[in-house]
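Each chain, written out:
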Amino acid sequence: DTEVTQTPKHLVMGMTNKKSLKCEQHMGHRAMYWYKQKAKKPPELMFVYSYEKLSINESVPSRFSPECPNSSLLNLHLHALQPEDSALYLCASSQVLTGGAYNEQFFGPGTRLTVL
Amino acid sequence: QKEVEQDPGPLSVPEGAIVSLNCTYSNSAFQYFMWYRQYSRKGPELLMYTYSSGNKEDGRFTAQVDKSSKYISLFIRDSQPSDSATYLCAMKAAGTALIFGKGTTLSVSS
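What comes next is a walk through the structure. (Residues numbered from 1 in each chain as written. Chains lettered and ligands numbered in written order. Predicted model: local features only at pLDDT ≥ 70, side-chain atom pairs only at ≥ 80, totals over all residues. Heavy atoms only, no water.)

## Digging into the state of the cysteines
All told, the structure shown has two disulfides over all chains when counted by the stated rule. What pairs with Cys 23 of chain A in a disulfide is Cys 91 of chain A, and their sulfur atoms sit 1.9 Å apart. With the S-S bond torsion at -70°, the cross-link from Cys 23 of chain A to Cys 91 of chain A turns out left-handed. In this pair, Cys 23 of chain A is assigned in strand β3 (residues 18-25) and Cys 91 of chain A in strand β9 (residues 87-94), connecting sequence segments 68 residues apart. According to the relative accessible area criterion, Cys 91 of chain A is buried, its value standing at 0%. The disulfide that involves Cys 23 of chain B links it to Cys 89 of chain B, with 2.0 Å between the sulfurs. (Disulfide = S-S within 2.5 Å. Helix = DSSP H or I, 4+ residues; strand = E, 2+ residues; numbered from the N terminus. Buried < 20%, exposed > 50% of the residue type's maximum accessible area, 1.4 Å probe, protein only.)

This is the structure:
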């Protein structure tokens, strides 16, 4: 299984809602990532988990809260979002090499989020 | 100077043409080089992965890395309309985050 899956595919939420994005991989990868991608822009890194521990937080606002319940799952909890947070949210995973370096990343299909 | 530079295009070619996509970079510590293909409203798909310098071929795709010039290329032979997508170069040093180029939009007409 060489696939990263994400649910839901699409999400529309109001600024007062709380919702969660989910990501799953069964490739045995021990690093998982959240990216945000706006139209016609490259993906921007938000968070990196390595061995289920948060290792990188790219100064993301606290209205985005990541969680890694186990080595296969990654969640992104959303609360009090703004319309400018509307974007494609991508999950990715990779191996962690000896010495802590990360190998090539495999991306999921993304969740298209619209905040009204 | 940005860490990774990539011409956004758009690039339009006829079916069957050879396509050359390129990125330049400034950080000499980059060792891992990737090319992703992204169709509209989909996630990026890893096409090619190269460690350090050299060439790598996979079917119609060839990736080249020239670390002395800080320049990487992706060649697509016998291009097809299904190759129409945005191509993102990405690169990293050991233990660091992946840095993406802006992406080049390719259109192959039949």
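Now, onward.
## Some thoughts on unusual backbone geometry
For the bond from Thr 7 of chain A to Pro 8 of chain A, the omega torsion is -10°, close enough to zero to count as cis. The omega torsion of the bond from Gly 9 of chain B to Pro 10 of chain B falls at 10°, within 30 degrees of zero and hence cis. Despite not being glycine, Lys 40 of chain A has its phi angle at roughly 60°, a positive value. Turning to its location among the elements, Lys 40 of chain A is positioned in the loop between β4 (31-37) and β5 (44-50). Assessed through its relative accessible area of 84%, Lys 40 of chain A is described here as exposed. With phi around 65°, Glu 52 of chain A is a residue other than glycine that occupies positive phi space. The topology assignment puts Glu 52 of chain A in the loop between β5 and β6 (53-57).

## As for the nonpolar core
Judged by nonpolar contacts, the single largest core of 25 residues is most densely connected at Trp 35, Ile 72, Leu 74, Tyr 87 and Met 91 of chain B. Residue assignment for this core shows that the elements contributing at least two residues are β3 (19-25), β4 (32-38), β5 (45-51), β7 (61-66), β8 (71-76), β9 (85-92) and β11 (104-109) of chain B. Setting aside anything within four residues of it in sequence, one finds Met 91 of chain B in contact with Val 4, Cys 23, Tyr 25, Phe 30, Tyr 32, Phe 33, Ile 72, Ala 97, Leu 98 and Ile 99 of chain B. Ranked by size, the runner-up nonpolar core spans 23 residues in total, among them Cys 23, Met 27, Met 46 and Leu 74 of chain A. (Core = buried A, V, L, I, M, F, W, Y, C linked by side-chain atoms within 4.5 Å. Contact = heavy atoms within 4.5 Å.)

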